[in-house]
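Now for the letters of each chain:
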Amino acid sequence: MTALDEIPVTTLKGVGMALAATLGRLGIESIQDLLFHLPHRYEDRTRVIPMGSLRIGDTGVVEGEVVRTDLVMGRRRSLQVTLRDESGFLVMRFFHFNATQKNQLSQGARVRCYGEVRPGRAGYEFYHPEYQVNPGPMPAAAEATLTPVYPLTEGVQQPRVRSLCQQALGYLKRYPIRDWLPAAMLADYQLPGISDAVALVHAPPADAPVHLLMEGRHPAQQRLVMEELLAHQLSLLQVREQIRTREALPLLPRGDLPARFLAALHFDLTGAQARVLREIRQDLSQPLPMLRLVQGDVGSGKTVVAALAALQAISAGAQAALMAPTEILAEQHYTNFRQWLEPLGIELAWLSGKVKGKARTATLERVAAGEAVMVVGTHALFQNDVQFDRLALIIVDEQHRFGVHQRLALREKGAHGRLAPHQLIMTATPIPRTLAMSAYADLDTSLIDELPPGRKPIETIVLPDSRRDDIVNRVSDACQAGRQAYWVCTLIEESEALQCQAAEVTADELKSRLPELAIGLVHGRLKAADKARVMGQFKDGELDLLVATTVIEVGVDVPDASLIIIENPERLGLAQLHQLRGRVGRGDAESFCVLMYHPPLSRNGKARLQVLRDSQDGFIIAEKDLEIRGPGEVLGTRQTGLMQFRLAEFERDKGWIETVRGLAPAMLGDKKAVAALIRRWLGERTRYGEV
Ligand code: ADP
Ligand code: MG
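These numbers were taken from a predicted model, which means no experiment stands behind them. (Residues numbered from 1 in each chain as written. Chains lettered and ligands numbered in written order. Predicted model: local features only at pLDDT ≥ 70, side-chain atom pairs only at ≥ 80, totals over all residues. Heavy atoms only, no water.)

K.L.:
Which parts of the structure should I look at to understand the pairing of strand β3 (residues 78-84)?
P.N.:
Walk down a regular strand and you will see the side chains alternate between the two sheet faces. For β3, the tally of buried residues reaches 6 of 7 residues, placing the bulk of the element in the interior. Looking at chain direction, strand β2 (residues 59-72) and β3 are connected through 7 bridges and run antiparallel. Directly across from T69, in β3, lies its bridge partner V81. Taking the residues between adjacent antiparallel strands as the criterion, β2 and β3 are bridged by 5 residues, where G74 takes a positive phi near 130°. By the bridge criterion, 6 bridges tie β3 to strand β4 (residues 89-94) in an arrangement that is antiparallel. Residue pairing in the sheet places T82 in a bridge with V91 of β4. (Buried < 20%, exposed > 50% of the residue type's maximum accessible area, 1.4 Å probe, protein only. Helix = DSSP H or I, 4+ residues; strand = E, 2+ residues; numbered from the N terminus. Pairing = 2+ DSSP bridges.)

K.L.:
I keep staring at the sheet that holds strand β15 (residues 444-448) and nothing clicks. Help me out?
P.N.:
Backbone-to-backbone hydrogen bonds pair the strands of a sheet. The strands run either parallel or antiparallel. Taken in spatial order, the 7 strands make up an open sheet running β11-β12-β10-β13-β14-β9-β15, and their pairing is parallel. The sheet is open, and its two borders are formed by β11 (348-351) and β15, each paired with just one other strand. Geometrically, the sheet is characterised by an average inter-axis angle of 20° between neighbouring strands, direction not taken into account. Two strands pair when backbone bridges link them, and strand β9 (residues 291-296) and strand β14 (residues 422-427) are joined in this way by 5 bridges, in the parallel orientation. What sits directly across from L291, in β14, is Q423. (Axes fitted to C-alpha atoms, helices over the stretch in contact; angles between N-to-C directions.)

K.L.:
Honestly, the pattern of salt bridges in this entry has me stumped. Any pointers?
P.N.:
A side chain with one charge may pair with a side chain of the opposite charge, provided their charged atoms come close. Scanning the entire structure with this criterion turns up 30 salt bridges. Here R652 makes a salt bridge to D653, at a shortest N to O gap of 3.0 Å. One connected set of salt bridges, linked through shared partners, spans R468, D469, E509, R513 and E567. (Salt bridge = Lys/Arg side-chain N within 4 Å of Asp/Glu carboxyl O.)

K.L.:
Would you take a moment to explain the environment of I31 for this structure?
P.N.:
With respect to the secondary-structure elements, I31 resides in helix α2 (residues 31-35). Excluding its chain neighbours within four sequence positions, the residues that come into contact with I31 are L4, I7, P8, V9, L12, A168 and Y171. (Contact = heavy atoms within 4.5 Å.)

K.L.:
How should the sheet that holds strand β18 (residues 519-522) be read in this particular structure?
P.N.:
Reading across from one edge, β16-β21-β20-β17-β19-β18 is the order of the 6 strands in this open sheet, with parallel pairing throughout. Edge positions in the open sheet fall to β16 (458-464) and β18, since each of these has one partner strand only. Across the sheet, the mean angle from the axis of one strand to that of its neighbour is 15°, orientation sign disregarded. Relative to strand β19 (residues 545-548), strand β17 (residues 484-488) is paired through 4 bridges, and the arrangement is parallel. When the sheet's bridge partners are listed, A485 is paired in β19 with L545. Contacting β17, β18, β19 and β20 (561-567), helix α18 (residues 528-539) runs over the sheet at an angle of about 140° to β18.

K.L.:
I tried to follow the pairing of β9 on my own but got confused; where do I start?
P.N.:
Summarising burial for β9: 6 of the 6 residues are buried, a large majority. Side-chain alternation along β9 places L291, L293 and Q295 on one buried face and R292, V294 and G296 on a second face that is also buried. Taken together, the 5 bridges between β9 and β15 define a ladder with parallel strand orientation. From the neighbouring strand, Q295 faces β15, where its bridge partner is L447.

K.L.:
What's the story with the site of ligand 1 in this structure? I'm lost.
P.N.:
Of all residues adjacent to ligand 1, which total 16 residues, the nearest are D268, G299, T303, R455 and D557. G299 is positioned such that a nitrogen or oxygen atom in its backbone is 2.7 Å from an oxygen atom of ligand 1. At 3.0 Å, a backbone N or O of G301 approaches an oxygen atom of ligand 1. Notes on ligand 1: free accessible area 570 Å², of which the protein chains cover 88%. For the shell around ligand 1, a count of residues per class yields 4 nonpolar, 6 polar and 6 charged. (Near = heavy atom within 4 Å. Polar contact = N/O pair within 3.5 Å; in protein donor to acceptor, adjacent residues only side chain to side chain. Areas by Shrake-Rupley, 256 points an atom, 1.4 Å probe, with all protein chains shown as cover. Nonpolar A, V, L, I, M, F, W, Y, C, P; charged D, E, K, R; others polar.)

K.L.:
How do you make sense of the side chain of T490 when you look at a structure like this?
P.N.:
Turning to its location among the elements, T490 is positioned in the loop between β17 and α17 (496-513). By relative accessible area, which is 3% here, T490 ends up buried. At 2.7 Å, the side chain of T490 forms a polar contact with the backbone oxygen of E567. Once residues within four sequence positions are removed from consideration, T490 is found in contact with Q499, T550, I566, E567, N568, R571 and L572.

Below, the structure is given as structure tokens:
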């Protein structure tokens, strides 16, 4: 029997080559694909809403009598039609209109229209609503249905997609969609079968509960959401399984390197560091590749743990590599690792995009020959020409800054035949549990949930930029009293050039206003050597104040710095602000963070900064950030693609994430179902190809 996924969309009436190509861009080739092109919301045109009850942003149908019609001149000529019903008034405004329309919409006419409420010059307005003059009666409640709204691509209009989907529904009756979920599972969660669910969401019947559909909580929608989340989970587990079929070099702890390293540190590991280290040691001594994510709040001391993991690899006779997302951070790790490891007789290598020519060739040779056993760098580490001799451990710091595909590419690096390297991934941003479950289902996780002793809370102050002068004076006083400070300029992250420019201007301004201070500047466009020099000067206390862009966001560790001013914090995510703030409070001095915002702040904006003022727990902050800005922001923009679901919404559907995580492993055995579900929801691209 033919299946729906074998019937091309061109079978439908009105789908020629051109439209087929356009649909192809939406990933729609078969009728089944079209049926899985699901409405992402509905318009409720089933009932007339009293004008008096409308609020800004509402959409809906209103009906009333035209009380006046004005031609309004001004910047843009418009036709302003005032409607009235028993409860209030509403204005329809048209910027494009003809004489017929104007005559139709004259005083006394009865009009029904559908639109979205906006605040306009004449009160609440609908711009260019769809409307009917002297409308017939509304469909009886028993026949009224919601209107589906579909995601579009350029070249297809909403009505077109609607009608194609309705045509496709006709096929569904003859060729039901294969349901890959076991009947028992559906029964357990009281979910409808796939064909019924798909039919319902495309054409909700009149008696379906409107509010559930509007909110995406109808069982038919939830069935699809659940299946989508399951497909994502399965694809991650599948990647994990593939990796697990590989073997790894067991790195048995031997020799006294770790002990000598610990003896040279001027502190003891915290309980949490020691526990996480035990988990890592255990993994590393297995003949299976470790895939472990270490989460720990800013300043919890992840670097030392990474160094000890590297020592285990090195003492087992293998090579270890550490990759960091920015030049500054990588450089800093290199400096630390050199200080720690060189005294132990370990040879290191440094690789970044800026290492070129002879120096690069020489470094590559030392790495390939296995002379350099600890290699530190940026993603330049994993370019094609970098060959390792016996790489057995890869450490990725602040992983959320890397795209997921880089993580996957890394796994392939250093793989010899069946042997794959162990991987340790460290995140700077604590990731809320539910999010971690869906984004990192392929990893085991460890948590450093304790800060080193003696840390004092950072006092966070929220001030408008009208207080800039006071703040500048305060910085001067603090620095003259022996403190070191950061001044962070933020601009829209996309524009690095503008961000650097703003930092330059600010640095110049502060230099001229505070001649008594030694002021340095770092931003992303400086040469690596210059950056390193300035960071070195700041670390050595030669600079009082460091003006910087958000390049210092992650990892930068200057324990004596105890004051940080962040300009325009309202532009950044909470997790990012928390990271920035974490640049201070790393030593034993009392620390301060000033969030200098540009008024006016929206209510939401104010609430966000308050979260930061009131909490220093990265997990709480990340949860809030997730609620306010969504998963893409929490994981870092690079990974936004990772969390783009078609139907599922993180906040609304997080209950399913937990459920699906429980169900997925049992389904993995059914290879056909797994492949079909992944194909259905993630398309041909694998989960990793898309980012
Ligand atoms: P993060 O987890 O943010 O990467 P780091 O590894 O940079 O944190 O550590 C932050 C600071 O705390 C560093 O200066 C580090 O030397 C110090 N540190 C790490 N572990 C301890 C500890 N157990 N006791 C005291 N200080 C520590
Ligand atoms: Mg770090």
